[in-house]
Number of protein chains: 4
Amino acid sequence: MSITGQKIWNPKRATDRRKQVLDAAESCFGMKGFHGASMADISKAAGMSAGHIYNYFASKDEIIAAFVQQNVERVSAIVRDLHQQDDPLQAIYDDLEKSIHEDLQVGYWKLPLEIYAEASRNPKIAALAQAADRHSSNEFLSILKKGRQKRGMQVDELALAGQVEAMIAFFQGLQVRAMLNPQLDEAALVEAMKSAMYVLLFDE
Amino acid sequence: MSITGQKIWNPKRATDRRKQVLDAAESCFGMKGFHGASMADISKAAGMSAGHIYNYFASKDEIIAAFVQQNVERVSAIVRDLHQQDDPLQAIYDDLEKSIHEDLQVGYWKLPLEIYAEASRNPKIAALAQAADRHSSNEFLSILKKGRQKRGMQVDELALAGQVEAMIAFFQGLQVRAMLNPQLDEAALVEAMKSAMYVLLFDE
Amino acid sequence: MSITGQKIWNPKRATDRRKQVLDAAESCFGMKGFHGASMADISKAAGMSAGHIYNYFASKDEIIAAFVQQNVERVSAIVRDLHQQDDPLQAIYDDLEKSIHEDLQVGYWKLPLEIYAEASRNPKIAALAQAADRHSSNEFLSILKKGRQKRGMQVDELALAGQVEAMIAFFQGLQVRAMLNPQLDEAALVEAMKSAMYVLLFDE
Amino acid sequence: MSITGQKIWNPKRATDRRKQVLDAAESCFGMKGFHGASMADISKAAGMSAGHIYNYFASKDEIIAAFVQQNVERVSAIVRDLHQQDDPLQAIYDDLEKSIHEDLQVGYWKLPLEIYAEASRNPKIAALAQAADRHSSNEFLSILKKGRQKRGMQVDELALAGQVEAMIAFFQGLQVRAMLNPQLDEAALVEAMKSAMYVLLFDE
DNA sequence: AATGAATGAGTTTTCATTCAT
DNA sequence: AATGAATGAAAACTCATTCAT
């Protein structure tokens, strides 16, 4: 429209605006849930008019989807970090206390619980969450496999797959525990988790 | 008014109608979630006008609360059954395959996930869920304590509390796993769970 | 239906039941207004099922109408009492303090105000209220006419009609004053009213 | 956003829309009363969707309150005009015919009657109406006081307060008369009112 | 690019009225 | 005569989405 053409689509700005919206969504969804948070809430938190948001997202559902995508990617990133470890089995075991402590913080479980519920009835969200989960699980499995091989252990892939599932269940279950039992004794839990994780990690 | 008095107020009918509504709510909440399901949906599923529902529940929130209450009581009932066992530790261990299989069925995880999300932002629901959880956890703990004593084991109550938390986390985590990984290999998972549960149950 | 026939329509009982309903309506309408009071409220106050009320009144509107009728009749009764007076002009004047005091009580103005508002937009109620008002005004006028004649005064009927209107306006205006000015100084008002009523009553 | 800033927030438009709604409310409330008029009625009369009205008023109650406020202010304005008069006592007396005529028009009494009824059971509206009434009464009293002093009369403030109450009762009573007696003979009424108002105004 | 005014379908809830018993 | 379960239409209000500017 203008002679200099600076009004042409600017992908950098678009990315920034999407991030602005998703950050706002994070705070709104955390407080009110996906369905309790209104577009007006999000637009206010994003410092942007509700109408304008529709230039970057086709619908509220798409915001939810993008938000979920962003969140499941965080888990992938955590797993990816394990790749760097020399002895991942030991590293995971040694980090248990910290990992558990993190998992029990409200910032760590509130939105995941929201996502699980949404995924349990919204097929689009389910597909996203399942795909991300598959990817992370596979990566985790391959890390553990390499880790065991490095230690000279025989690797029964099927058994390992079961152990991976169980370990992830443990950590996702902790998110539920954090919500249901705010008085939970963390130290005692860490001790119990250590013994259970030990047999799962080292297959003993 | 009648001599037999059965017309003065008929609690049976009220109970029936409430059950009718809660059954309808179960199916609607399962498909659309607490907030996605409308009173119109519920009334249609209950075969009753929306207005009439308000003769039995003061508000939609009260339906949700009653529904959640009903659901958390199912868990309590499961724990209560363990009281009957002669050697509960062994019984739990032996039943693992069946318990896990049950927990992975859609009917077992869909509504719990919904409840966890709702509880994470609705204080009334949180209070209900937490109270039920506290009760079940305590009962589970006392069952295990007695079980260990019967077996002549020393009981470290704090350690046991941590183990109880971990075991519950396991099973609640399975509900998340069931949703996120529909292709999950149950047999492998059972093997892994057995080894982890063994150390938690028998403290070895 | 029964052999003895005691189930045949019993007009006495019907009258009783209607009174029961109208008494209940009085208390409900006073608290919540004609439209704020529900049939459920009235039925509870009447100690009778809502459904049953419809055996005695065809609709809620009919209850309102009957209630209004009953109320406007009270005013007629007050006027009728004046017929007994030997010197009605003096009697009215002497009773002013008491009449004003009564008119300022909440029980005397609350429902009239409700009725005026309803009549101002509901033609059926307007017709009732206007008919009763016409009747009372005429009777009041004829009482004053006789009163003046007895005192040997000339009676200008048109002037008297204007004075009657003004006097009634006075008293109905007091109902509004009572509502709008709860701190109203009654003694001062009585003095002022006395002087104004004097010229209206005695045409001086 | 624009340099002149007129887009940042446009208070003119908001004021216009509120006026549009209040005008619509006036006609709807007049026809059906505060509770008989629905938001749908008002929105249709305002030429605006019902939902949109909530951008300008938080609730229907707030519309009623704003509407009542607007109406009671009209009375204040009438009293304020008297301040301009050189000899207010005489001015009021001379204007009686016109004032009475106005008071008897349907536009003058319909909504006041509605307001009186609403105020008689809605504390918020009662507070509004009473505050406005207090203000107008005080102003009216001070005008009369000055007027009497100008005429060299002694002013007994308590007596004057009673007379003020009586005069206002007169005019508010006329609103009821207009509704209850549509055939009212205005000329006769004016004559009667003149004699009564004379003694109240000039304290004779 | 950005606004926010505006819509209309949808939400929960209330209530006069009917009717089987 | 009497109940109260049941209905359905309407109420106030919310909100994702559109669009003129």
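No experiment lies behind these values; they were computed from the predicted model shown.

(A) Looking closely at the protein's contact with DNA strand E. Around DNA strand E, 35 residues are found, and the nearest of them are M39 and Y54 of chain B, M39 of chain C together with R17 and H52 of chain D. Counting only the atoms of DNA strand E within 4 Å of the protein, the fraction contributed by sugar and phosphate is 65%. S49 of chain A is positioned such that a nitrogen or oxygen atom in its backbone is 3.1 Å from a phosphate oxygen of DNA strand E. One of the backbone N or O atoms of M39 of chain C is found 2.5 Å from a phosphate oxygen in DNA strand E. In the surface near DNA strand E, the residues fall into 13 nonpolar, 14 polar and eight charged.

(B) Quick peek at the packing of aromatic side chains. Residue and element names in this part refer to chain A. Under the defined criterion, the tally for this structure stands at 26 aromatic pairs over all chains. Measuring from ring centre to ring centre gives 6.2 Å for Y93 and F202, while their planes differ by 65°; the resulting arrangement is edge-to-face. With Y93 in helix α5 (residues 88-104) and F202 in helix α9 (residues 186-202), this pair connects stretches of sequence that are 109 residues apart. Given the relative accessible area of 5%, F202 is considered buried. Joined through ring pairs, the aromatic side chains of F29, F34 and F67 make up one cluster.

(C) Structural context of the interface of chain B and chain A. With 47 residues of chain B at the contact, the number on the chain A side is 46 residues. Across the chain B/chain A interface, buried area totals approximately 3700 Å², and carbon plus sulfur atoms make up 65% of it. Of all residues in chain B, the largest losses of buried area upon contact with chain A belong to E165, R177 and L180 of chain B, amounting jointly to 16% of the total for that side. Our enumeration of links across chain B and chain A arrives at six salt bridges. Between E114 of chain A and R121 of chain B there is a salt bridge, with the nearest N and O atoms lying 2.8 Å from each other. Inspection of the chain B/chain A interface yields 14 residue pairs in polar contact (both at pLDDT 80 or more). Going through the elements one at a time, α1 (11-36), α6 (106-119), α7 (123-150), α8 (157-180) and α9 (186-202) of chain B are the ones with two or more residues in the side of chain B that touches chain A. The greatest single-element share of the side of chain B that touches chain A, amounting to 15 residues, is contributed by α8 of chain B.

(D) Layout of unusual backbone geometry. Residues and elements named next belong to chain C. Of note in the backbone geometry, D203 takes a positive phi value of approximately 55° without being a glycine. With respect to the element layout, D203 can be found in the segment after α9 (186-202). According to the relative accessible area criterion, D203 is partly exposed, its value standing at 39%.

(E) The domain arrangement of chain A, seen in detail. All names here are of chain A. Looking at the assigned domains, one finds that chain A contains domain 1 (1-58) and domain 2 (60-202). One C-alpha centre belongs to domain 1, the other to domain 2, and the line joining them spans 30 Å. With 17 residues of domain 1 at the interface, the matching set in domain 2 holds 15 residues. A buried area of about 1500 Å², summed over both sides, lies between domain 1 and domain 2, and 67% of it is on carbon and sulfur atoms. Sorting the residues of domain 1 by area buried against domain 2 places L22, E26 and F34 first, and these three jointly supply 42% of that buried surface. Taken together, the connections running from domain 1 to domain 2 amount to one salt bridge. The element best represented in the side of domain 1 that touches domain 2 is helix α1 (residues 11-36), accounting for 10 residues.

Rules used in this analysis
Residues numbered from 1 in each chain as written. Chains lettered and ligands numbered in written order. Predicted model: local features only at pLDDT ≥ 70, side-chain atom pairs only at ≥ 80, totals over all residues. Heavy atoms only, no water. Near = heavy atom within 4 Å. Polar contact = N/O pair within 3.5 Å; in protein donor to acceptor, adjacent residues only side chain to side chain. Nonpolar A, V, L, I, M, F, W, Y, C, P; charged D, E, K, R; others polar. Phe/Tyr/Trp six-rings, centres within 6.5 Å; stacked < 30°, edge-to-face > 60°. Helix = DSSP H or I, 4+ residues; strand = E, 2+ residues; numbered from the N terminus. Buried < 20%, exposed > 50% of the residue type's maximum accessible area, 1.4 Å probe, protein only. Contact = heavy atoms within 4.5 Å. Buried area = accessible area lost by both parts, 1.4 Å probe. Salt bridge = Lys/Arg side-chain N within 4 Å of Asp/Glu carboxyl O. Domains from an automatic or database assignment.

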